[in-house]
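Take a look at the letters that make up each chain.
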Amino acid sequence: MALLKILQYPDERLHTVAAKVPEVTDKIRTLVHNMAETMYAAPGVGLAATQVDVHQCVIVIDASDTHDLLHVLINPEITAAIGESDCEEGCLSVPGIFEKIRRAEQITVEALNFNGDPFILEAKGLLAVCIQHEMDHLIGKIFVEYLSQLKQTRVLRKLKKQQRSVM
Ligand code: NI
């Protein structure tokens, strides 16, 4: 197991569109292990492979209060979405920024699990938000890009200031 380096917005590589995983191999399982370790260590509630510069459709999420309910979604697809809700989101690639984003309230997702077996997940609340947020990473979209241009400029300015203060 190893901790992976998380790309920081506005790194252009975060805009890469991930490819479907053709087969869930041991290499993918190692990636999943390392992504989960990296997410828990951060700590965060979700991580997409895009964020660790691997451009394949792999997501790990743990939105539980107890941090012991890991969801692994490989090649996820949303097959149904109901309702709308506004939830404050953050992202390990955009540290210190929290913004309200509108998402579907409830979703149905089809994906492959750690063993490569297909499964269907009905999600609502924080889990549904996380899945939608992480799936956006796989198509190269960052949550702050839903904000107005003015707000995005402010976010970039704040991030630059933060980066200067740690250097
Ligand atoms: Ni994120």
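This is a predicted model, so every value here is computed, not measured.

Looking now at the packing of aromatic side chains. Taken as a whole and assessed by the stated rule, the structure comprises 0 aromatic pairs. In this structure, Lys 141 packs its charged tip against the face of Tyr 146, placed 4.1 Å from the ring centre.

The next thing to look at is unusual backbone geometry. Of note, the bond from Tyr 9 into Pro 10 is cis; its omega dihedral lies within 30 degrees of zero at 10°. Note that Pro 10 resides in the segment before helix H1 (26-41). Between Ala 42 and the following residue, Pro 43, the backbone shows a cis peptide bond with an omega angle of -10°. Inspection of the secondary structure assignment puts Pro 43 in the loop between H1 and strand E1 (46-48). Despite not being glycine, Asn 75 has its phi angle at roughly 50°, a positive value. Tracing the backbone through its elements, the reader meets Asn 75 in strand E3 (residues 71-82). Residue classification places Asn 75 among the buried positions, given a relative accessible area of 12%.

What counts and what doesn't
Residues numbered from 1 in each chain as written. Predicted model: local features only at pLDDT ≥ 70, side-chain atom pairs only at ≥ 80, totals over all residues. Heavy atoms only, no water. Phe/Tyr/Trp six-rings, centres within 6.5 Å; stacked < 30°, edge-to-face > 60°. Lys NZ or Arg CZ within 6 Å of the ring centre and 35° of its normal. Helix = DSSP H or I, 4+ residues; strand = E, 2+ residues; numbered from the N terminus. Buried < 20%, exposed > 50% of the residue type's maximum accessible area, 1.4 Å probe, protein only.

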